[in-house]
Structure formats: C-alpha cells, structure tokens
Amino acid sequence: MGHCPWMAQGYSIGCLIVVVLLSAASAQIRYSISEEVNEGTAVGNVAKDLGLDKITLKERKCRIVSSSADVLFQVNQNDGVLYVSRKIDREEVCAQSSSCLVNLKTVLENPLEIHYVEVEVLDINDHSPIFPEDNKILEISENVLPGARFQLKGAQDADSGRFSVQHYKLSQNDHFRLEVKDRGKDGKTPILVVQKSLDRETAGSHSLVLTALDGGKPPKSGEMNILINVLDINDNAPVFSKDVYSVMLHENTLIGTTVIQVNATDADDGPNGEVVYSFSNSMNQNVLDLFDINEITGEITVKGPIDYEENERYEIEVEASDKGFVPLKTEKTVIIDITDVNDNAPEIEVTSFSSFIPEDSRPGTTVAHISVNDLDSGINGKVICTISNDSPFALTPSLKDKMFSLVTKSALDKEQTDKYDLTITAKDAGQPSLSSEKTITVVVSDVNDNRPEFSLSPYTFYISEANQPGTSVFSVKAFDRDDNDNAHVSYHILRDGSPENKLTSFLSINSETGDILALKSFDFEAQKTFQFQVVASDSGSPSLSSNVTVKVFILDQNDNAPVILYPVSSNGSAEGVEEIPRNVNAGHLVTKVRAYDADIGYNGWLLFSLQQVSDHSLFGLDRYTGQIRTLRSFTETDEAEHKLVILVKDNGNVSLSATATVMVKLVEPKEAFAASDLQSSAKDDEDSHVTFYLIITLGSVSVLFIISIIVLIAMQCSKSPDYTSKYLPETNYDGTLCHSIQYRSGDKRYMLVGPRMSIGSTIVPGSHANTLVLPDRRRNNEEVRSIFQRLSHQYFTLLYLKCKSLKVLED
C-alpha cells in the first residue's frame, strides 16, 4: 500500500476511509487521570491494552495524532506507555463542563492501524471562589420597609461539580440577613434581605462581609465586602439657634451693611439637611425693598435707604427651609430698632430751565430757576447753594426762601465753548453736614457772528494752455466757524465789468464746492496771467461774506508747429534753390535753413535733420543751427543737381514739425564767383551786428535777474531761518541761447526752465489743474515765493522774447 502523508496531520478523511477499506484494524480504549499531574506521568500502557507487540512499535512508527497544535499526551515507542507531555489544567482544557474527555488517535504503519484512545481528566479542588468585585456599595433609603430584598452577584469557581460554590454566609448584624437562590446550572445567587428598619441619623452606613464556600475538604472560600450607605429622607425640620433675634440699626446705614445673622441646623443629610433662608411671604413690600437676606449664610443686609422719619422699628419674619423634595420650614421673628441721625441731604429741583441760550445774550439773562429743600428741621434744614466759579454763570437768591436764579454773568461765545455742564451744590448745616449735587447742561445756540475764512489768501494756480473747456481747473475752500445755516458757505465769482476782469466771463464756479471750471481754452501766447476775486457767503441772516484774490498763471504747451522762414518760394511753400561752385572744398556753407516756433522753452527749441538727401556723402546738416555744409569736394561723376528735404521739429513732449526742400545746383566756378562774394560780404556784416546786440541784451537781462535773486534770498534768510534754497546752474547746455535755473526748498526740488518747462520741472497734475508744488510754510514765505515766481516768469518771458527777436533779426 502507498503511504498517505496528510493523514497523520488530520487533513483528509477520504484517505483514511480508503486505508480502512483496504486493510486496517482499529480499537478504542479509555483512561482516567487527575489534572495538575507532573509531566511524564504514565496514563496507561497502550501496547498492552491493545495487544500490540512492543518490539514492533518503533518500526511501525507508533504515534499520537492530534488536531490541536498543543499535544497533551505522547506514547513511548519503546514500551507503549501513554504519558503526559505537559501539566494539564482541566479548567483550561474543558472550562467548567461536568466531564472532561480528551480524544486521541494512535496510528501505526505497515500495516496501517488506527486506535482511538479516550482520556478523562479528573477535576481537583485547586481554585477558590471569586466574587466579580471585592467591594460592593449599596445605597438603601432609610425609609425602606423590612423584607426588602437586594440581589447580589454570586461568586465564580473555576472548578466544577462538588468543588464549585456550594453555599454562602453573611457576617453577623442586626439589620440584614442572607438568602440563597439555587439557579441550577447557573449556580447559586445570594440575596440580601432587610430584617430591621434603618435610621440614617442613628447609623449612616453598615459594613458586611459575604463569604462563598466550595465543596472541597477542607473547603476553599472567597469574600466580598459590602458597604451599605443609608440614604437620607427629609424627616427633620430646621431648628434656629436662638429663640429671639433683636438688633439696633442707625438710619442712613450704607447699603450692603450686615444687620444680623440668623442660624438654623437640620439633622438630615444632603439636600434634606441643607438650610436656606428667606423672608416670609407675608412680609410687606416696603420692608423687602429695605432689607435683603443671604439664603446661604442667613445674613440680613441693608438693601435700601433706612429712614428714621419713615419707620423706627421693623419686625421681619425669617423662614429656614431645607432642600428636601418636600421641604420642611421653620419661622423666626427678627426685631430691628432704628436710631435717628442727620440722614436727609438737601434736594435740588430745577423748576424752570432754558436748555438753549443764544451766544449774544446779555449778562444777567435768567437761564433757570432752582428750588432747594431739606426734610430735616432746624440747623439740619438750613441749606447753602453754590455753583462752580469757572463758568460765566452765577446763582442769585430769590425773595422766596430756598429759591435761586441761574443767570449769565459774562458774555458767551459759542465758537469758544458751545456747552456748559453746570454742577449745583446744596449743603446743609448739620453735623456731620450733608450735601447733594445736580448737574444741568446749558447749550449755547449759534448766531451768525463769523465771516467765512479762506484757507489761503491769495490763491495762486498754474494751468496749462489748451485746457479742456468745461472741466475743473482748480478750487477754493472757505470755512465758517458758525453752525448749521450760519456755516453753510456758497461761492461766486466777483464780476465788476472792469477790463482786468474780462476773463471772468469765461470762468464758472460751483457754488457748493468752490470748484472753478474754465469755459474756454486758454492760449499762453495771448494771455500769460490774470487774476480775479471769489466771494464766499454764509447762509445766515443777515449773511456775512469775504473774498479772496485768485492769481492764475498760464503754462505754455506745445501747440504751435515750426514755421519755415527760409527757404520760402514765391508761392509761399518752403522750397528754395541754391547754386554753388563745383570746386568748393569740404565744409563749404551751402545755405542755412531758418525756422520760427511761437512756443517758448523746449517747446520752441528747434532741431534740424536731413529727412531725404540724394547723396549722404556730399552734404551734412547742423542739427542746432540748420546750416547745410559740404562733406567733401565734388567730383566729375557727381550729379549736377541734388535735392535735400530738411525736417524741422520742436522739443515738446509731443513734437511738432515742418519740412523744407532745398535744391542744390552745381555750377562752374566763374558763374558763381561774383554772387558768392557779394553774399559773403553782406552775411559777415549782418552776423557781426546781430552778435553785438545779442551780447548786450543777454548781459543786461541776466544782471537784473541776478540782482533780484540776491535781494529775495536776503529777504528769505531774514524772515525764515529754517528755509534754505540752493540755486544750481543747469549743466546740460541744449544749444539754445536760453538756459534754466534749479533750486531746492526744504525736501523738494524745483526747476525754472526758460525754453522748456516740462524737463526736470516739479509742475505736476493736481486734482483740478497743473499746479507748482510748494512746501507748506508761513504766509510771508508764500509771499516771497510768489514774488520770486513772478520775477522768474517775467525774466524768462523777457529772455525768450529777446532770443526770439534777435533770432528773427539774425534770420
């Protein structure tokens, strides 16, 4: 037969059936052994009991086959004795079953034999009863009736049969006994029975010991401590510590002062023994308003003003109550006798009062009538009334006793103080003296006694020419220190029809905001500066007004294109013809393009460039003077006629330009000789005169301007030591006769530019127009700067006009 390897591991029944069918013999035997025997203890001789040959056991590989990984028994292949392979705990193997049987398979090979061996593990008393908890706390109300039953958890014993828990016993006591209920397989359950009434005030708790015993000889036992807490019931009422409570109390005692403390105790426990205090419901509300009681401590305190004149004795009913489900109460009377003191302070009453008084009221005007009263009599009722001395008001006594009038004693000014909080003090002559105060508020009403004031005077604004009509260019602002309508300011432009105010017809002002709109575009070339007056009026009755001068400077913009003065053809176009000898050398002056721009500064500074030329190697153009010169000598191969297109543009931010066309014709030297000599002589004479006039003009204008600057610096230094200016010459020469001057004031840098106001300038766009940014200084500094600006403006205008006129003369 073939060997079935998985049969020994207990995996296949099919293999076992086949083997049995082929040839096998089987038998079954049974042994008994007690638990906890030592390892190696013999259980029985399997070979002998099965009739097997001991000699062949080893050859036939006699062994015990078990489905459990933990093998409890083994067979000795030498003698066939079945022995214990490890110590056996019956409770571990079979728990608490009534019988514990371990089924084994004895397997032999060649031929295959299977024998079933059954081993019964016998229990011994090796465990003691154990309760689920060592200590048990029970809470039983003291009003429980005898015979009440409380079931307890029984003890558990790991042993079985007669070695398990057999009975219980309870420690000796007078109030409880023990009953045991047999539940069959579920064991025995102890029951605690009340046999005598409980009283918490006599004994608040009971300690018992419950013992469980098994059936061993001697028996093993386990104990559980039982603590029985007797729960209280509300069967005792509170009891006061005194039969009578009485106390003396001064009138006018401070609120919160302790008058007396009552005390009561309750023999019960917990909430049933917690005492709270309160006033009886039969108490009058007036008494409840005067006194209060602390429900925890029993302290009676003053809650309201105590007045002997109202009541000299109070009898207060105090209740002491516990917190039981059905509270028990006890009442006690507390007698409070009041002693008299000077406790009535004077009372101030304002009988008539004008809360608003005009600021133009005359001294002596009555504001209010005041009445003072004191409930005390004699010297305690004599009252002196006063008011603070730091106000423009006074108290004057009236013909009637204890009556006063509040009157003004000096002039009022709402702009200085618009409200007065007056404290009136009334003090009696008692010992100790009592006083009271009353504060009334007097509001000073406004009258129209202030004119509108402008934030600056005069206003100076800078606007660019060619401004957009209908847009705001600048604004003025005035404020009025009055209130409401008296402070509501409206604006209008003063138009008197004078010639110097003719431009006001082109201005419009927003009467509410002071924003000034230009209704037309200004032209720097036509009008460089003008001024007008703005009137600010309030809405008072009668209305008050003030005016301010507004000075406006027009700033030049690049709005004029260059005009070609030479060459100009007979039909007016910028075209010309120049004839030069063919044999001229390099650098020969062919002609000079002359142009004029009506703008000033960089907007009028012109640059020349060759836009089109037939031969770039022949002619060159000076970008600043407009002179056209030859770059080299002519050769026989050069064309006889050349066309040059010159572009003339200014230096504005948006450059404007014009073009001129020069036709250069090459002629033989003999043809051009006479004409060139005559032209050269006239040219030299003209240049010498122009240069002479130019030097004289520039020198005299510059000397006058420098003297003006020195005078202004001296004035500025003498008036404002902290104002510093540095005048720096402009280092970038731009090729024009005009120049620029820079200066610093405080932390800002300024540049006054002759030809070009946009380069390096601090003129920036504001909220309404382009204004020159100036530091905020004193008014005299503003005046000096205004003079300086006007001189600078006039200087550069004069300088530019001189430059223009000389340039025209030169051309």
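Residues numbered from 1 in each chain as written. Predicted model: local features only at pLDDT ≥ 70, side-chain atom pairs only at ≥ 80, totals over all residues. Heavy atoms only, no water.

Caption draft 1: How the structure looks around the overall build of the protein. Along the protein, the regular secondary structure elements total six helices and 54 strands. Looking at the 811 residues of the protein, the share that counts as buried comes to 41%. Of all intrachain contacts in the protein linking residues separated by at least 6 positions in sequence, the fraction that spans at least 24 positions is 65%. Approximately 43800 Å² of the protein is accessible, and the part contributed by carbon and sulfur atoms is 51%. (Helix = DSSP H or I, 4+ residues; strand = E, 2+ residues; numbered from the N terminus. Buried < 20%, exposed > 50% of the residue type's maximum accessible area, 1.4 Å probe, protein only. Contact = heavy atoms within 4.5 Å. Areas by Shrake-Rupley, 256 points an atom, 1.4 Å probe, with all protein chains shown as cover.)

Caption draft 2: Expanded view of the state of the cysteines. All chains considered together, the criterion is met by one disulfide. Here C94 is linked by a disulfide to C100, with a sulfur-sulfur distance of 1.8 Å. Residues C94 and C100 are joined by a disulfide whose S-S torsion is about 65°; by sign, that bridge is right-handed. Grouping residues by exposure puts C94 and C100 together as buried. (Disulfide = S-S within 2.5 Å.)

Caption draft 3: Representation of the nonpolar core in the model. Judged by nonpolar contacts, the single largest core of 27 residues is most densely connected at F454, F474, V476, Y491, F532, V534 and V550. Residue assignment for this core shows that the elements contributing at least two residues are β33 (459–464), β34 (471–475), β36 (490–494), β37 (507–509), β38 (515–518), β39 (529–537) and β40 (545–555). Excluding its chain neighbours within four sequence positions, the residues that come into contact with V550 are Y459, F461, F474, V476, F530, Q531, F532 and V534. (Core = buried A, V, L, I, M, F, W, Y, C linked by side-chain atoms within 4.5 Å.)

Caption draft 4: Spotlight on the pattern of salt bridges. Evaluated as defined, the whole model comprises 14 salt bridges. Here E133 makes a salt bridge to K136, at a shortest N to O gap of 3.7 Å. What makes E133 partly exposed here is its relative accessible area of 30%. The salt bridge partner of E274 is K323, with a shortest N-O separation of 3.2 Å. One end of the pair, E274, is in the loop between β18 (264–265) and β19 (275–279); the other, K323, is in the loop between β22 (313–322) and β23 (329–339), with 49 residues separating them in the sequence. (Salt bridge = Lys/Arg side-chain N within 4 Å of Asp/Glu carboxyl O.)

Caption draft 5: View of the sheet that holds β36. In spatial order, the strands read β33-β40-β39-β36; together these four strands make up an open sheet with mixed pairing. What marks the edges here is a single partner per strand, and that holds for β33 and β36. Averaged over all pairs of adjacent strands, the angle between their axes in this sheet comes to 30°, without regard to strand direction. In this structure, β36 lies alongside β39, joined through five bridges in antiparallel fashion. Bridge assignment links Y491 to a residue of β39, and that residue is A536. (Pairing = 2+ DSSP bridges. Axes fitted to C-alpha atoms, helices over the stretch in contact; angles between N-to-C directions.)

Caption draft 6: Representation of unusual backbone geometry. Of the consecutive residues K217 and P218, the connecting peptide bond is found in the cis state with omega at 0°. With respect to the helices and strands, the residue P218 is situated in the loop between β13 (205–214) and β14 (221–231). A cis geometry characterises the amide bond from Y566 onward to P567, with omega recorded as 0°. Inspection of the secondary structure assignment puts P567 in the loop between β41 (563–566) and β42 (575–581). Positive phi is not limited to glycine here, since K61 has a value of about 55°.

Caption draft 7: Here's a closer look at the sheet that holds strand β48 (residues 641–650). The four strands are arranged β42-β49-β48-β45 in an open sheet whose pairing can be described as mixed. Both outer strands of the open sheet, β42 and β45 (606–613), are each paired with one neighbouring strand and no more. Going from strand to strand, the sheet's axes swing by 30° on average, the running direction of each strand aside. In the sheet, β42 pairs with strand β49 (residues 657–667) via seven bridges, with the strands oriented parallel. Within β49, the residue paired with V577 across the bridge is M663.

Caption draft 8: Seen up close, the packing of aromatic side chains. Summed over the entire model, instances satisfying the criterion amount to 14 aromatic pairs. A centroid spacing of 6.2 Å and a plane angle of 50° characterise the contact between F131 and Y168, whose relative ring orientation is tilted. Residue F131 is found in the loop between β7 (113–122) and β8 (135–141), and its partner Y168 is found in strand β10 (residues 165–170); the two are separated by 37 residues along the sequence. The buried category is assigned to F131, whose relative accessible area is 5%. Seen from their ring centres, F619 and F634 are 6.1 Å apart, and the 55° between their planes marks the pair as tilted. (Phe/Tyr/Trp six-rings, centres within 6.5 Å; stacked < 30°, edge-to-face > 60°.)

Caption draft 9: Fine view of the side chain of D597. Its place among the elements puts D597 in the loop between β44 (594–596) and β45. Here D597 falls in the buried class, since its relative accessible area comes to 0%.

Caption draft 10: Broad picture of the confidence of the model for the protein. Overall, the predicted model of the protein reaches an average pLDDT of 78, with 80% of residues at or above 70. The low-confidence segment residues 680–688, where pLDDT is below 50, has four contacts with residues more than four positions distant or belonging to other chains. Long-range and interchain partners of residues 719–780, a stretch whose pLDDT sits below 50, account for 138 contacts in this model, where long-range means more than four residues apart. (pLDDT = per-residue confidence, 0-100.)

Caption draft 11: How the structure looks around a nonpolar patch on the surface. A grouping of V563, L565, Y566 and Y596 is seen on the molecular surface, where their side chains present a nonpolar patch of about 310 Å² in accessible area. Examining the composition of the nonpolar patch, we find that three residues originate from one element, β41, more than from any other. Within the element layout of this structure, V563 appears in strand β41. In this structure V563 comes out as partly exposed when scored by relative accessible area, which is 44%. (Patch = residues over 30% accessible without salt bridge, like charges linked within 9 Å, V, L, I, M, F, W, Y side chains within 5 Å.)

Caption draft 12: Inspection of the pairing of strand β26 (residues 366–373) at higher detail. Pairing geometry for strand β24 (residues 347–353) and β26, over six bridges, is antiparallel. Bridged to E347 within β26 is N373. Pairing analysis gives five bridges linking β26 to strand β29 (residues 403–408), with the strands arranged antiparallel. Among the inter-strand pairings, I370 is bridged to a residue of β29, identified as F404.

Caption draft 13: Main features of the environment of K649. Structurally, K649 is set in strand β48. The exposure class assigned to K649 is partly exposed, which follows from its relative accessible area of 37%. Spatially, the C-alpha atoms of K649 and G604 are 9.1 Å apart, while their sequence positions differ by 45 residues. Each residue touching K649, except ones within four places of it in the same chain, is listed here: P562, W605, L606, L607, S655, L656 and S657.

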